[in-house]
Amino acid sequence: TLVSGTDGVGTKLKIAFTMDKHDTVGIDCVAMCVNDIACAGGEPLFFLDYIACGKNEPEKIAQIVKGVADGCIQSECALIGGETAEMPGFYPVEEYDLAGFAVGVVDEKDLITGKDIKAGDTLIGIASSGVHSNGFSLVRSVFTITEESLNTYYDSLGKTLGEALLAPTKIYVKTLKEIKNAGVRIKGCSHITGGGFYENVPRMLPEGKHAVIEKNSYPIPPIFTLMAKEGNVEEKMMYNTYNMGLGMVLAVAPEDVDKTMEAIKSAGDKPYVVGKIENGEKGVTLC
C-alpha cells in the first residue's frame, strides 16, 4: 500500500528570515511529511520539495536544499527532484515559502490504523526536539521577532531564543522502524503537530476508546514553559497548539511496553510511559 504526506514549514520560516539561517528549515519540511507516513506504519520512498521565492539567490536556495537533503538522509528517503519558482512582486525579495511531499510504502497487514486499540493499552510518548513546526503564529505573538530578541541568550534554555525556536523537527522514521523490527505491533500512532494533544491523539482512537495522558509523566522542554509565562498563555491552549515535549504518542499492548521502550532508546530517542487507554467517549484527557 502506498501512503503519502504533504506539508510546509509554516510561519517558522519568519524566524529563519530574521536570523538569516536557512539550513535547517528543509529538515522541518521533510519531517512534517515523513513523520505522517511513519505514523501510518509506512517507510518513505521519495521526497520532492517546492520552493517559491521573491528572488532566486543561489546561495540561499542551496542552504534550503541542504536541509531538505539532511532530512532525507535522516529518514532514508530519496530526494528525487523539486521545483524552485521565482515569483517577484508576489513574495518580498528576501522571503520564500517551502513545502514538499513524500510517498512511502507499507504492507497492508502492517498499516497502523488504531482499530485494535483496547482498554488497558499503554501510551508511550517519544521526546520532541522543541516546538517542531507548528504554532509559530502564536510564538510570533508571544515574542518580539527581531534579530536582537532572537539572539538573546536565556539561562533557562541554555541557548539563544532563536536557536531554541529554529531547532529542527525530529524525524521518527528510524525509531518507528526499530520498534517494528523489535517485533512490536504498534496499535496506534499519533504525530503531535498542529492542534496539539487535543486534536491529534483522538485521531488514532477507534470509537468508544479514550486516552488518558499524565502531564507530569515526562519533562516539558523549557521553551514551552518560557512561552506560557512570557505570553501568559493558558495551559489548555498550550496543549491544544504544541507538542509540549512529545512528538509522537504510540499505543501498544501492555506486554510490549519494555520492548518498545528499549527499541526507542536504541534508536537514540527518549521514551516515556505517559498514559493508558480506557473505555469511554473517543477523545483525550490530560491530568
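Residues numbered from 1 in each chain as written. Predicted model: local features only at pLDDT ≥ 70, side-chain atom pairs only at ≥ 80, totals over all residues. Heavy atoms only, no water.

What to know about helix α2 (residues 25–39)
Phase 1: With 15 residues, α2 extends 21 Å from end C-alpha to end C-alpha; this agrees with the ideal 21 Å at 1.5 Å per step.
Phase 2: The largest bend in α2 is about 25 degrees, located at Ala31.
Phase 3: In terms of residue burial, α2 counts as a mostly covered element, since 14 of its 15 residues are buried.
Phase 4: Where α2 ends, the next residue or the one after it, Gly41, has phi of about 95 degrees, a positive value. (Helix = DSSP H or I, 4+ residues; strand = E, 2+ residues; numbered from the N terminus. Expected span 1.5 Å × (residues − 1). Bend = angle between axes of the 7 residues up to and from the residue. Buried < 20%, exposed > 50% of the residue type's maximum accessible area, 1.4 Å probe, protein only.)

With respect to the pattern of salt bridges
Phase 1: Going through the model one piece at a time under the given rule, you end up with 13 salt bridges.
Phase 2: Here Lys177 and Glu43 are joined by a salt bridge, their closest N and O atoms 3.7 Å apart. Taken together, the residues Lys177 in helix α7 (residues 173–181) and Glu43 in strand β2 (residues 43–53) connect sequence positions 134 residues apart.
Phase 3: Salt bridges sharing partners connect three or more residues here, namely Asp107, Lys109, Asp110 and Lys180. (Salt bridge = Lys/Arg side-chain N within 4 Å of Asp/Glu carboxyl O.)

Examining the packing of α2 against helix α3 (residues 58–74)
Phase 1: Axis separation between α2 and α3 bottoms out at 6 Å; the angle between their running directions is 40 degrees. Between α2 and α3, the interaxial angle falls into the category oblique. For the crossing formed where α2 meets α3, the hand is right-handed. Here Gly26, Ile27 and Val30 of α2 lie close against α3, whose contacting residues are Ile64, Gly67, Val68, Asp70, Gly71, Cys72 and Gln74.
Phase 2: When its residues are assigned to classes, the contact of α2 with α3 shows five nonpolar, four polar and one charged. (Axes fitted to C-alpha atoms, helices over the stretch in contact; angles between N-to-C directions. Parallel < 35°, antiparallel > 145°, perpendicular 65-115°, else oblique. Left-handed = near helix turned anticlockwise from the far one by under 90°. Contact = heavy atoms within 4.5 Å. Nonpolar A, V, L, I, M, F, W, Y, C, P; charged D, E, K, R; others polar.)

A word on helix α9 (residues 222–231)
Residue pairs spaced three or four apart in an α-helix point in one direction, given the helix's 3.6 residues per turn.
Phase 1: Every buried residue of α9 is listed here: Ile223, Phe224, Leu226 and Met227. Taken end-on, α9 shows its buried residues confined to a sector of 160 degrees, consistent with a single buried face.
Phase 2: Check the buried side of α9 and you find it contacts α4 (136–142), β6 (153–154), α6 (161–166) and α10 (235–239). (Arc of directions from axis to C-beta.)

Some details on the side chain of Asp256
Phase 1: Counting through the fold element by element, Asp256 comes out in the loop between β10 (246–252) and α11 (257–266).
Phase 2: Despite its burial, Asp256 pairs with no opposite charge; the closest candidate is Lys259, at 4.4 Å N-O.
Phase 3: Contacts of Asp256, omitting those with residues within four sequence positions, involve Val184 and Arg185. (Lys, Arg positive; Asp, Glu negative; His and termini not counted.)

Digging into the pairing of strand β9 (residues 209–213)
Phase 1: When you tally the buried positions in β9, you get five out of five residues, the bulk of the element.
Phase 2: Alternating residues of β9 divide into Lys209, Ala211 and Ile213 and His210 and Val212, and every residue in both groups is buried.
Phase 3: Both β9 and strand β12 (residues 283–286) contribute to a ladder of four bridges, which runs parallel. Bridge assignment links Ala211 to a residue of β12, and that residue is Val284. (Pairing = 2+ DSSP bridges.)

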